[in-house]
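Here is what each chain is made of, one letter per residue.
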Number of protein chains: 4
Amino acid sequence: MKQDTHIEKSVLDMGEMASGAKLTVPVYFIKGQGKGPNVYIQANMHGAEVQGNAVIYQLLEQLKQLTLLGDITLVPYANPVGANHKNGEYTLGRFDPITGVNWNRMYHFDQESIDHYVEQVDGLSQAQIDEGFQQLLLRNVEQKLDHNQYGLTTGQRIAYQLQKMAHQADLVLDLHTGPISSKHLYCPEYAQNSAKYFDIEHTVLIPNSFDGAMDEATFCPWWTLAKSLNAKGIDYTLERESFTVELGSQELIDLDVAHQDALSILSYLQYKKVIQTTEFTPKKITRYGCMLSDYKAFYSPMGGMVDYLADFGEVLKAGQPLARILRMDNYGDGDALHYISLDHDVIPILHFASASVNQGTELYKVFSKFFQIT
Amino acid sequence: MKQDTHIEKSVLDMGEMASGAKLTVPVYFIKGQGKGPNVYIQANMHGAEVQGNAVIYQLLEQLKQLTLLGDITLVPYANPVGANHKNGEYTLGRFDPITGVNWNRMYHFDQESIDHYVEQVDGLSQAQIDEGFQQLLLRNVEQKLDHNQYGLTTGQRIAYQLQKMAHQADLVLDLHTGPISSKHLYCPEYAQNSAKYFDIEHTVLIPNSFDGAMDEATFCPWWTLAKSLNAKGIDYTLERESFTVELGSQELIDLDVAHQDALSILSYLQYKKVIQTTEFTPKKITRYGCMLSDYKAFYSPMGGMVDYLADFGEVLKAGQPLARILRMDNYGDGDALHYISLDHDVIPILHFASASVNQGTELYKVFSKFFQIT
Amino acid sequence: MKQDTHIEKSVLDMGEMASGAKLTVPVYFIKGQGKGPNVYIQANMHGAEVQGNAVIYQLLEQLKQLTLLGDITLVPYANPVGANHKNGEYTLGRFDPITGVNWNRMYHFDQESIDHYVEQVDGLSQAQIDEGFQQLLLRNVEQKLDHNQYGLTTGQRIAYQLQKMAHQADLVLDLHTGPISSKHLYCPEYAQNSAKYFDIEHTVLIPNSFDGAMDEATFCPWWTLAKSLNAKGIDYTLERESFTVELGSQELIDLDVAHQDALSILSYLQYKKVIQTTEFTPKKITRYGCMLSDYKAFYSPMGGMVDYLADFGEVLKAGQPLARILRMDNYGDGDALHYISLDHDVIPILHFASASVNQGTELYKVFSKFFQIT
Amino acid sequence: MKQDTHIEKSVLDMGEMASGAKLTVPVYFIKGQGKGPNVYIQANMHGAEVQGNAVIYQLLEQLKQLTLLGDITLVPYANPVGANHKNGEYTLGRFDPITGVNWNRMYHFDQESIDHYVEQVDGLSQAQIDEGFQQLLLRNVEQKLDHNQYGLTTGQRIAYQLQKMAHQADLVLDLHTGPISSKHLYCPEYAQNSAKYFDIEHTVLIPNSFDGAMDEATFCPWWTLAKSLNAKGIDYTLERESFTVELGSQELIDLDVAHQDALSILSYLQYKKVIQTTEFTPKKITRYGCMLSDYKAFYSPMGGMVDYLADFGEVLKAGQPLARILRMDNYGDGDALHYISLDHDVIPILHFASASVNQGTELYKVFSKFFQIT
């Protein structure tokens, strides 16, 4: 049995509040043997999505007993500005409460510098190409952080610091949750095979289109590079992978469930030869996939109070009710109960966090077209 | 089988918003045969506590098939200002978001006018005393509503309008919920026997001390009257009752559970001879009571992320953990997990709505001393 | 003197809240003689930016005494969801509080349908081209409103309804305010000459780049059309204009200032021959312009409490302080006062609404390069 | 000229947030010569009321050049939980955003222990009585802080720590602001003469009735003691004084105005012989007083958008408009403008922070009966 794995702890400054109070982020680093891919795992970029912190706790508890081939960096509380923003009893954490900008839409991507880089790699080996490209990505982010006199937004300062760490890894896991949600995985289309190593039944496959998120910010550059090189006839194998792992519902900590999720991640890391072990086996479950464009949000056709009926993760047949909406103001002289359904089969994945909705609130997200991942 | 019960619907103006939009409340009234006590039932005074609306829906569905001896008034969406105040995904509804005042602490109570009334009842029958006292309470509230030129707060305008309806009833049920909570009942000490007719295992017994809530605002005057008359040697039987019925957790609508809660309320109404039927039977469950002063809040000794461990409604032995608090910032160089316990047995009733807490947040409410209600 | 101008009032449904309460928007329409351009004016799309409602009041008071050549539609309270969302004492109105999406970034623009239209106009007159294009824009928006079964977001429902009215006009004015702000105008680059008819000293010139706002949603299609036709060698004169008029600071109503702003708008409408009069004269003031890309936000380099020093609308020389930031936590063992300046001359236009800022909060917006509009 | 005044700085822990981040408060202490009364000054107990921090800055800048007879303790950022709670652009700081409890209503007062103390002082000198009573107050607060296993609320932990410092002083100044407000002073009735040494035109005189605020928590015990002793025939002179100093409007820092306010406070401290100087002279202004019961809030009779008309600090004659409320939804078929007035003369002191109000929002606070303080 492995012993004495050293976990290095450091602290990053992530923001200052009005009173001058500093918000910091602990960073845990475990040095591997330099024989496997490096990994970056962060949690809680959205304030209310706290369960990833518990997963990092359980991962550390496991990792300290394992032999690491690659380095692993783990960052809980990645966004302390979001995590500490209580709003009434809940945490208002999906966006900067001052600007409305989603904390997970502020990472950096620069198409132009990739295009420029591709011009310069003729004759280089893949290792050389990779090394140079990683340095480019790091320089780009450092350039943004090392800002001009007009400064950075609160969210950019956080995102760029995290991205700098993530670009140093080969594999990136960004731990999130839905509002009230089943577990699901965001996976780049090219990495579908890796989805089979997580104990997660539902996977959204995402294209090479940057929308500001951490997973995209770390895989889109490499995917773009690979496609450009292949288009030029240069042989290049895309090996980097990034996932957004949706761990279930927000506003919850459950250390026992977190232990299960840690095992699921370790199964993936074992498959990727980050850890030297064979003890982790992915669960035998049926896995479903859905293209991002078929992962649909359903918006409430009316204001009201919602009794969410559809179970997560199971096929809901066309015409079966997703939800019924109570409208007591209509009792007696109208319809007090409205049933909501769709005209095709779907798999519900998550629903809104509250029964009270305005007209136009996102009620459910569903796989509208789905297929088995084998 | 009873048919054609007429449900009368009216609409009350409860507030105006900045755009001039009116917020209204539907009021349902069913006329009884004048042979039983009159009942007032309201729901959703706190914005996030929506399940009572569903219970009123299920009550109406039942009542329209029953024979009523007394009148019943039902008011869902009692506070549309609170119900419509979304704050992020959730509903910020326990207090007026502008002033912080709890919506259920703004009802009216006037000790002095009761003292004055007691001076005047010599020689009157209980029926006469009751009639006169009810008129007094109504006049007092109307006097507050028919305000001076300085006006009323948003919450007073709502509370006084509701209280005016409630004072016309003999029995008052105010339907609430906790944050994340088991069902429980607030019951005046003198009405403990009635608690046995609700399908609710835990009852908080409250003294004759007005703190602004609807239940107190409607039973404290009568309790005070009864005590004063008895002290004067006048024979008087206290028959009015008011309860706050806590239906479970906030932010949820479940029409099936609401059906069960409607049956529980109908069991009480049958016992009180408001409805002419014998079909409803309270469940055979063990019921526990706790004095209000022994119903304790536990405040978090630290900031952190909470894994709530204690089950609701079951005795937690001294030393057993209520919760464990994750503090990832201490991982590696401190204690990342803190277990919270008490030095005596308690029954946990509810806990905070979110895993993320500041130091000093109310984590749990528990029965610290409890007894069986038989 | 003109008499009896008929103001037609109608009401649009804009949303439903959890209690079922409907939020509506009043629409005022004045029929012109069909001899001038049609105008659409809306206010208060952002909840806290209320002064435009007062300007519409003053415009209506003036317009009812004037002769109209074109039709004018005026929509106060354009977004009642935003206007009614109080958050504490203030109005949280720049974005949907549930999703964070800016209410003024949800309008519709479809490049593809424009490209397609341009293919079909050979041989048509400009009047025919305009007529057909306007119908196309209307159909596109109606198509979005006449949604599929997955529905619309709260903000899309509002934006598309407003856009449908705006597309029927030739000139569009969207009345906004800054946080704490001087008056300024957003004007498409091609319409710079029109800026001289408003009593507004500072104008931001915006390019043909759609970012979701009302002004862009209504001028970008026409600008794109004009450019495409000109590129094809077809003679086409761009006559449509849209402006975002920033009336000063949010959270304020001042009917006297609104009267002045109404005169400024009437001066523009007179210039455009919408109203038959010569009584309105733009003020003799020096007007400055700035390209959108030179209109810079300055983000706070630290958390703290800000004493905003720079006056709006006047050139602040390089090195002069924009603000000083108080950090009492540093008093005695650090710098309690930090002065903020830039290394080039700027014109400050607006600043943040509160003295309390986090690191990264937008402190000021300034014209970083500016020129006189003559 | 005095030199080398030593300012001692220490830091108090005031709270922990969900990420574990500590919120601290800097405490500045200047030792006097032990010949004058001791002073406690705090600022920013309500999060948005930040100007007191700037006043403490300016006081420190002055005090370091002065000779102190008594000790002075100054506490800016007294409540960092409130100060750092941004809500949108503004600071939601008057109450705990989780519970709604006003941060300045959580101080401690124990009538019973005072009654008990009065029983025990026969034969003691005033100095001995004072010494013993101060120890009692300190022990009471320490007892609350040294809590039982159920813990303290977030606000109690803050309030009790501050109160412990305040009880060690003879004179207490709690620096606040109104929403949009003129300067005014809350002064205990017995200390009316001291009000003349502040450069503040309007003073609210408050009775001996504890409602949870810092000023009351520190003067009510002494006032109660004095009254009880006098009632017992014991000669006792009440020398302690506490004031809430309302510095103007919230959400603003202005260091120049703060300098003026520092001079005003120094004038009071000179009068009380805390500082050895004669350089400060109160301004020659007419000062008005108003009993607390005559300091009236006016609540909006309707929802709408408010043009606040009445100037602060000047007598508004009966019938003159306080404000006009715009209701564009009524334009054309109702009254779009409503004027608000009272039937007696008042002095407006402050108004609500936003133009957008619900029905029942507190619009203005006014002196309804007032008199000159001479």
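The name an unreviewed UniProt entry gives chain A is Succinylglutamate desuccinylase, with Thalassotalea eurytherma as the organism. Entered under Cofactor (unreviewed entry) in the UniProt record, the comment concerning chain A runs "Zn(2+)".

**Quick look at the overall build of chain A**
What chain A contains, in helices and strands, is seven helices and 20 strands. On C-alpha atoms alone, chain A measures out to a radius of gyration of 22 Å, which is about the 21 Å that the 2.2 N^0.38 rule sets for 374 residues. For the C-alpha atoms alone, the extent of chain A along its principal axes is close to 75 × 55 × 50 Å. Every one of the 374 residues in chain A was classed for burial, and the buried ones make up 64%. In chain A, of all internal contacts separated by at least 6 residues, the share reaching a separation of at least 24 is 72%.

**Side note on the interface of chain A and chain B**
Listed as interface residues are 51 residues of chain A and, on the opposing side, 51 residues of chain B. In total, about 4200 Å² of surface goes out of reach between chain A and chain B, with carbon and sulfur atoms giving 59% of it. Summed over the three residues of chain A that lose the most area to chain B, namely Tyr90, Met328 and Tyr331 of chain A, the buried surface amounts to 18% of that side. For the pair chain A and chain B, the interface holds six salt bridges. Residues Arg324 of chain B and Asp256 of chain A are paired through a salt bridge, measuring 3.2 Å at the closest nitrogen-oxygen approach. Where chain A touches chain B, the interface holds 30 residue pairs in polar contact (both at pLDDT 80 or more). Every element with two or more residues in the side of chain A that touches chain B is listed here: β1 (7–16), β2 (22–30), α1 (51–63), β5 (86–87), β6 (90–91), α7 (255–271), β14 (304–308) and β15 (321–326) of chain A. No other element matches the six residues that α1 of chain A contributes to the side of chain A that touches chain B. Looking at side-chain class alone, the side of chain A that touches chain B contains 27 nonpolar, 10 polar and 14 charged residues.

**Quick look at the relation of the copies chain C and chain A**
Mapping chain C onto chain A is achieved by rotating through 180 degrees and translating by 0.0 Å along the same axis, at an RMSD of 0.0 Å. Put plainly, the chains are arranged around a two-fold axis. Scanning chain C for the C-alpha nearest the rotation axis identifies Gly100 of chain C, at a separation of 2.0 Å. In this assembly the copies share their binding face: 100% of the residues contributing to the interface of chain C also contribute to that of chain A.

**Here we look at the domain arrangement of chain A**
Residue and element names in this part refer to chain A. As assigned here, chain A comprises domain 1 (7–285) and domain 2 (294–367). A C-alpha centroid distance of 32 Å is found between domain 1 and domain 2. Listed by partner, the interface residues are 11 residues for domain 1 and 11 residues for domain 2. Buried area between domain 1 and domain 2, summed over both chains or domains, comes out near 890 Å², and the portion from carbon and sulfur atoms is 71%. Linking domain 1 with domain 2 are zero salt bridges, by the criterion used here. For the pair domain 1 and domain 2, the interface holds two residue pairs in polar contact (both at pLDDT 80 or more). Secondary structure elements with two or more residues in the side of domain 1 that touches domain 2: β8 (180–181), β9 (184–188) and β10 (202–206). Among the elements that make up the side of domain 1 that touches domain 2, the one with the highest residue count is β10 (three residues).

**Quick word on helix α1 (residues 51–63) of chain D**
Residues separated by three or four positions in an α-helix point in the same direction, a consequence of the helix having 3.6 residues per turn. Residue and element names in this part refer to chain D. Here α1 is 13 residues long and its end C-alpha atoms lie 18 Å apart, about the 18 Å a rise of 1.5 Å per residue gives. Among the 13 residues in α1, 12 count as buried, and that is most of the element. Listed as buried for α1 are Gln51, Gly52, Asn53, Ala54, Val55, Ile56, Tyr57, Gln58, Leu59, Leu60, Gln62 and Leu63.

**Comments concerning the interface of chain C and chain A**
Contacts between the two partners involve 46 residues from chain C, matched on the other side by 46 residues from chain A. For the pair chain C and chain A, the summed buried surface comes to about 3500 Å²; carbon and sulfur atoms form 50% of the total. Counting the surface chain C buries against chain A, the share from its top three residues, Gln149, Tyr150 and Gln359 of chain C, is 23%. At the boundary of chain C with chain A, the tally comes to two salt bridges. As a salt-bridge pair, Glu16 of chain A and Arg327 of chain C come within 2.8 Å of each other at their nearest N and O atoms. Linking chain C to chain A there are 18 residue pairs in polar contact (both at pLDDT 80 or more). Every element with two or more residues in the side of chain C that touches chain A is listed here: β1 (7–16), α5 (154–166), β13 (295–299), β14 (304–308) and β18 (356–357) of chain C. Element by element, the count of residues in the side of chain C that touches chain A is highest for β13 of chain C, at four residues. Tallied by class, residues from the side of chain C that touches chain A come to 19 nonpolar, 20 polar and seven charged.

**Quick notes on unusual backbone geometry**
Despite not being glycine, Glu251 of chain A has its phi angle at roughly 65 degrees, a positive value. Relative to the elements of secondary structure, Glu251 of chain A occurs in the loop between β11 (241–249) and α7. Located in the positive-phi region is Asn44 of chain C, a residue other than glycine, with phi close to 70 degrees.

**Remarks on empty space enclosed by the protein**
Sizing a probe to match a water molecule and rolling it over the atoms shows the empty space that remains. The computed volume of the largest cavity comes to approximately 290 Å³. In this structure, the largest cavity is lined by 26 residues; those nearest its centre are Met17, Asn84 and His85 of chain B together with Met17 and Asn84 of chain C. Along the lines of polarity and charge, the residues of the lining of the largest cavity split into 12 nonpolar, nine polar and five charged. Approximately 240 Å³ is the volume attributed to the second largest cavity. Lining the second largest cavity are 21 residues, with Met17, Asn84 and His85 of chain A together with Met17 and Asn84 of chain D sitting closest to its centre. Within the lining of the second largest cavity, the residues separate by chemical class into 11 nonpolar, seven polar and three charged.

**Brief notes about the UniProt feature "domain: Succinylglutamate desuccinylase/Aspartoacylase catalytic" (unreviewed entry) in chain A**
Summarizing the sequence annotation, UniProt attributes the feature "domain: Succinylglutamate desuccinylase/Aspartoacylase catalytic" (unreviewed entry) to residues 35–270 of chain A in the numbering used throughout. Its end C-alpha atoms 13 Å apart, residues 35–270 of chain A is made of 39% helix and 18% strand.

**Here's the deal with the sheet that holds strand β17 (residues 347–351) of chain A**
Residue and element names in this part refer to chain A. Pairing in this open sheet of four strands is antiparallel, and the strands run β8-β17-β19-β13 from one edge to the other. Where the open sheet ends on each side, the last strands, each with one partner, are β8 and β13 (295–299). By the bridge criterion, two bridges tie β8 to β17 in an arrangement that is antiparallel. Within the sheet, the bridge partner assigned to Ser181 lies in β17 and is Leu350.

**As for the side chain of His108 of chain A**
All names here are of chain A. Structurally, the position occupied by His108 is in the loop between β6 and α3 (111–118). Relative accessible area serves as the criterion here: at 16%, His108 is assigned to the buried category. Apart from residues lying up to four places away in sequence, His108 is in contact with Asn140, Lys144, Tyr160, Gln163, Phe210 and Ala217.

**Thoughts on the packing of helix α4 (residues 126–145) of chain B against helix α5 (residues 154–166) of chain B**
Residues and elements named next belong to chain B. In contact at an axis separation of 9 Å, α4 and α5 are set at 155 degrees when each is read in the N-to-C sense. Overall, the two elements α4 and α5 adopt an arrangement that is roughly antiparallel. The way α4 lies across α5 gives a crossing that is left-handed. Contacts between α4 and α5 pair Leu138, Val141, Glu142, Lys144 and Leu145 from the former with Arg157, Tyr160, Gln161, Gln163 and Lys164 from the latter.

**What to know about the relation of the copies chain A and chain B**
Superposition of chain A onto chain B requires a rotation of 180 degrees combined with a translation of 0.0 Å along the rotation axis, giving an RMSD of 0.0 Å. By residue overlap, the copies meet face to face through one surface: 100% of the interface positions of chain A are interface positions in chain B.

**A look at the nonpolar core**
Among the nonpolar cores identified, the biggest contains 54 residues, and Tyr40, Val75 and Leu162 of chain A together with Tyr40, Val75 and Leu162 of chain D are the most heavily contacted of them. Only β2, α4 (126–145), α5 (154–166) and α6 (214–231) of chain A together with β2 (22–30), α4 (126–145), α5 (154–166) and α6 (214–231) of chain D provide two or more residues apiece to this core. What Val75 of chain A contacts, discounting residues up to four positions off in sequence, is Val25, Pro26, Val27, Tyr40, Ile41, Gln42, Ala43, Ile56, Leu162 and Met165 of chain A. Listed in part, the 53 residues of the second largest apolar core include Leu145 and Val172 of chain B together with Met17 and Met165 of chain C.

Thresholds applied
- Along each chain, residue indices are assigned from 1 in the same order as the chain's sequence is written.
- Following the order in which they are written, the chains are lettered starting with A and the ligands numbered starting with 1.
- Confidence filtering applies because this is a predicted model: local features only for residues at pLDDT of at least 70, side-chain atom pairs given and counted only at 80 or more, and all residues used for totals across whole chains, interfaces and linings.
- Heavy atoms from the whole structure form the basis of all side-chain values; hydrogens and water molecules are not counted.
- UniProt positions are given in the numbering used here, feature names are shortened, and annotations may be inferred rather than shown by experiment.
- Where helices and strands are cited, they refer to DSSP runs of H or I of at least four residues and of E of at least two residues respectively, numbered from the N terminus.
- C-alpha atoms define the radius of gyration in this analysis, and the globule rule sets the expected value at 2.2 Å times the number of residues to the power 0.38.
- For the exposure calls, accessible area comes from a 1.4 Å probe over protein chains only, and a residue counts as buried if that area is under 20% of its type's maximum, exposed if over 50%, partly exposed in between.
- A contact between two residues is defined here by any heavy atoms of the two lying within 4.5 Å.
- The buried area of a pairing is the accessible area, by a 1.4 Å probe, that goes missing from both parts when the two are put together, added over both.
- Within this document, salt bridges are pairs made up of a side-chain nitrogen of Lys or Arg and a carboxyl oxygen of Asp or Glu, the two lying within 4 Å of each other.
- Residues adjacent in sequence count toward polar contacts only when both atoms are side-chain atoms; beyond that, a polar contact is any pair of N or O atoms within 3.5 Å, and within protein one must be able to donate a hydrogen and the other to accept it.
- Each residue receives one of three labels: charged for Asp, Glu, Lys and Arg, nonpolar for Ala, Val, Leu, Ile, Met, Phe, Trp, Tyr, Cys and Pro, and polar for the others, Gly being one of them.
- Copy-to-copy superposition: least squares on the C-alpha atoms, limited to residues that have pLDDT of at least 70 in both copies.
- Domain extents, as shown, originate in an automatic or database domain assignment.
- Helix span is expected to be 1.5 Å times the residue number reduced by one.
- Put simply, the grid is 1 Å and covers the protein atoms alone, a cavity is a trapped set of points that fit a 1.4 Å probe, a pocket is an open set with protein on both sides within 12 Å along at least five of seven lines, and lining residues have an atom within 4 Å of a point.
- Grid points are joined across faces, edges and corners, and a volume is the space filled by probe spheres set on the points.
- Two strands make a pair as long as DSSP finds a minimum of two bridges between them.
- Axis definition: a line fitted to C-alpha atoms, over the contacting stretch in the case of helices. Angles run 0 to 180 degrees between N-to-C directions.
- Any angle that falls under 35 degrees is termed roughly parallel, while one over 145 is termed roughly antiparallel, one within 65 to 115 roughly perpendicular, and all others oblique.
- Two helices cross in a left-handed way if the nearer one is turned anticlockwise from the farther one by less than a right angle. They cross in a right-handed way if the turn is clockwise.
- Definition used in this section: a nonpolar core is a set of buried Ala, Val, Leu, Ile, Met, Phe, Trp, Tyr and Cys residues joined via side-chain atoms within 4.5 Å.

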